[in-house]
Amino acid sequence: MSLLPLDGPPGTRPTPSRSPAAARLLPTALSLLPLLLIGAWAAFDRHTVYEGAARLAGADPWWLLAAVFFTCLGWVAAACVRQGALPDRLPPGLLLASQFAAGAANHVLPASVGAHAVTLRFLLGRGVPLRRAAASLALYSLVRPIAKTLVLLAFLAASPDLLPWDQLAPEEGTLLLAAGAVALGLAAPVLLVAAVPPLRRPALTFVRTALTDARLLHTRPARVAALWGGAAATPLLQASVIASVGAALGLPLTWTQVTLAFLAAGAVAGAVPAPGGIGPVDATLVFAMAALGAPLSLATATVIGYRVVTIWLPLLPGALVLSALVHRKVL
């Protein structure tokens, strides 16, 4: 009986190596995955795309160009907030490209999971440790709703009687359900860490890292301006997109009214984890604009146009940028 020769020390088996073809195929498959997801979603939601495009075909092109301009500024604001949430300096061009790509991923997965995943991969690729990158995402997620709430309060203080809150206020049962969901969301991590001892040390390390980075960031005026200024500018830019699309379609509302309607819709329905906020926020926004005096059909067309400009128009370029960043191993 003859024995087959073994490679390596006795008692060990040779480890199969990955073929060069498989190594080249994996990045290509990952880079094509966003395009496949986008194509599937577009086929599923084709009626919205067709209706929105038909409405926009007869709109004022200059106001639509203004809407595209404000949409582009939104990516710049997002990049500013991402940089402001991290002490390390990031390359501005790649950071902006990553946020443009994150926009495509964000509209496929709910609750900003796609955008956070893309940004996390980008930060890790820039050499940021995992716990500090995760702390940056947590600070980003915390600052944005706080800044949006402050902007809403400022608008309400300036125009307290502009919105009919008696019509927009949700029912008592809805408020109790939302309060319970928020309480559960806050208590669940604490209970999980308390019930699972192996999670306590990583959780405490993460909290210490997050607090240390937050204190450090708030000693740097440039980071504070990027973090809070970008977070406050984001909802204003989104409202400006809606107002521009509305002006293109002849919506009889001012920029202040549209901004208040958008902020109120986000406050009422923004907690629902829909992809990119699509669905509950859209319905609430249409209802809010109709309550301010806009025709229901025109308010609906405005929201559809807003989604076409902010989602469908940049979706394919964003997916291509995402694929390119994956292919070049930036992500």
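Everything quoted here is computed from the prediction, not taken from an experiment.

Conventions used here
Residues numbered from 1 in each chain as written. Predicted model: local features only at pLDDT ≥ 70, side-chain atom pairs only at ≥ 80, totals over all residues. Heavy atoms only, no water. Helix = DSSP H or I, 4+ residues; strand = E, 2+ residues; numbered from the N terminus. Buried < 20%, exposed > 50% of the residue type's maximum accessible area, 1.4 Å probe, protein only. Contact = heavy atoms within 4.5 Å. Areas by Shrake-Rupley, 256 points an atom, 1.4 Å probe, with all protein chains shown as cover. Patch = residues over 30% accessible without salt bridge, like charges linked within 9 Å, V, L, I, M, F, W, Y side chains within 5 Å. Salt bridge = Lys/Arg side-chain N within 4 Å of Asp/Glu carboxyl O. Expected span 1.5 Å × (residues − 1). Bend = angle between axes of the 7 residues up to and from the residue. Core = buried A, V, L, I, M, F, W, Y, C linked by side-chain atoms within 4.5 Å. Polar contact = N/O pair within 3.5 Å; in protein donor to acceptor, adjacent residues only side chain to side chain. pLDDT = per-residue confidence, 0-100. Phe/Tyr/Trp six-rings, centres within 6.5 Å; stacked < 30°, edge-to-face > 60°. Lys NZ or Arg CZ within 6 Å of the ring centre and 35° of its normal.

A. Representation of the overall build of the chain within the structure. The helix and strand inventory of the chain stands at 13 helices and zero strands. Buried positions account for 38% of the 331 residues belonging to the chain. When contacts within the chain are restricted to residue pairs at least 6 apart in sequence, those whose partners lie at least 24 apart make up 76%. In the structure as shown, the chain presents an accessible area of about 18100 Å², 71% of it carried by carbon and sulfur atoms.

B. The arrangement of a nonpolar patch on the surface in detail. Among the surface-exposed residues, F69, L73, V76 and L96 lie close enough to one another that they form a single nonpolar patch of about 320 Å² accessible area. With three residues, the single largest contributor to the nonpolar patch is helix α3 (residues 61–84).

C. A look at the environment of L263. As for its placement among the helices and strands, L263 is situated in helix α11 (residues 255–269). Considered as a pair, L263 and L152 are 111 residues apart in the sequence and their alpha carbons are 6.0 Å apart. The residues touching L263, leaving out its near neighbours within four places in the chain, are K148, V151, L152, F155 and P235.

D. Region of interest: helix α13 (residues 296–327). With 32 residues, α13 ought to run about 46 Å at 1.5 Å a step, and its terminal C-alpha atoms sit 45 Å apart, in line with that. Along its length, α13 reaches its greatest deviation from straightness, about 55°, at L315, and the proline P317 lies no more than four positions downstream. Downstream of α13 by a residue or two, K329 has a phi angle that is positive, lying close to 60°.

E. Spatial organisation of the nonpolar core. By size, the foremost hydrophobic cluster in this structure holds 41 residues, and its most contacted members are I242, V245, L251, L253, F262, L285 and M289. When contributions to this core are tallied by element, the ones reaching two or more residues are α3, α6 (130–158), α10 (221–249), α11, α12 (280–291) and α13. Looking at which element gives the most residues to this core, the answer is α13, with 11 residues. In this view, M289 contacts I242, L251, L253, A261, A294, A299, T302 and V303; residues no more than four positions away in its chain are not counted.

F. Helix α5 (residues 113–125), seen in detail. Taking 1.5 Å as the rise per residue, α5 with 13 residues should run 18 Å; its terminal C-alpha atoms sit 18 Å apart, in good agreement. Buried residues of α5: G114, A115, H116, V118, T119, F122 and L123, and no others. Close packing links the buried residues of α5 with α3, α4 (92–106), α6 and α13. Immediately beyond the C-terminal end of α5, within one or two residues, lies G127, with a positive phi of roughly 90°.

G. Summary view of the side chain of D213. Looking at the element boundaries, D213 is found in helix α9 (residues 200–217). Of note is the side chain of D213, whose polar atom sits 3.4 Å from the side chain of R132. If we skip the residues at most four places from it in the chain, D213 touches P87 and R132.

H. Highlighting the confidence of the model for the chain. Per-residue confidence for the chain averages 77 on the pLDDT scale, and 67% of its residues sit at or above 70. Note that residues 1–18 has pLDDT below 50 and, in this model, three contacts with residues that lie over four places away or in other chains.

I. The arrangement of the packing of aromatic side chains in detail. Overall, the coordinates contain three aromatic pairs when judged by the stated rule. Centre to centre, the rings of F155 and W255 are 5.9 Å apart; their planes meet at 55°, and the pair counts as tilted. In this pair, F155 sits in helix α6 while W255 sits in helix α11, placing the two residues 100 residues apart along the sequence. Given a relative accessible area of 38%, W255 falls into the partly exposed group. Over the ring of Y140 we find R82, and its NZ or CZ is 3.6 Å from the ring centre.

J. Geometry of unusual backbone geometry. Despite not being glycine, K329 has its phi angle at roughly 60°, a positive value. Relative to the elements of secondary structure, K329 occurs in the segment after α13.

K. Highlighting the pattern of salt bridges. Per the counting criterion, the structure on display carries two salt bridges. Among the ionic pairs, D88 bridges to R132, the shortest N-O distance being 2.7 Å. Taken together, the positions of D88 in the loop between α3 and α4 and R132 in helix α6 put the pair 44 residues apart, joining distant regions of the chain. For the salt bridge of D213 with R132, the shortest nitrogen-to-oxygen distance reads 3.4 Å. With D213 in helix α9 and R132 in helix α6, the pair connects residues that are 81 residues apart, well separated along the chain. Judged by its relative accessible area of 9%, D213 falls in the buried class.

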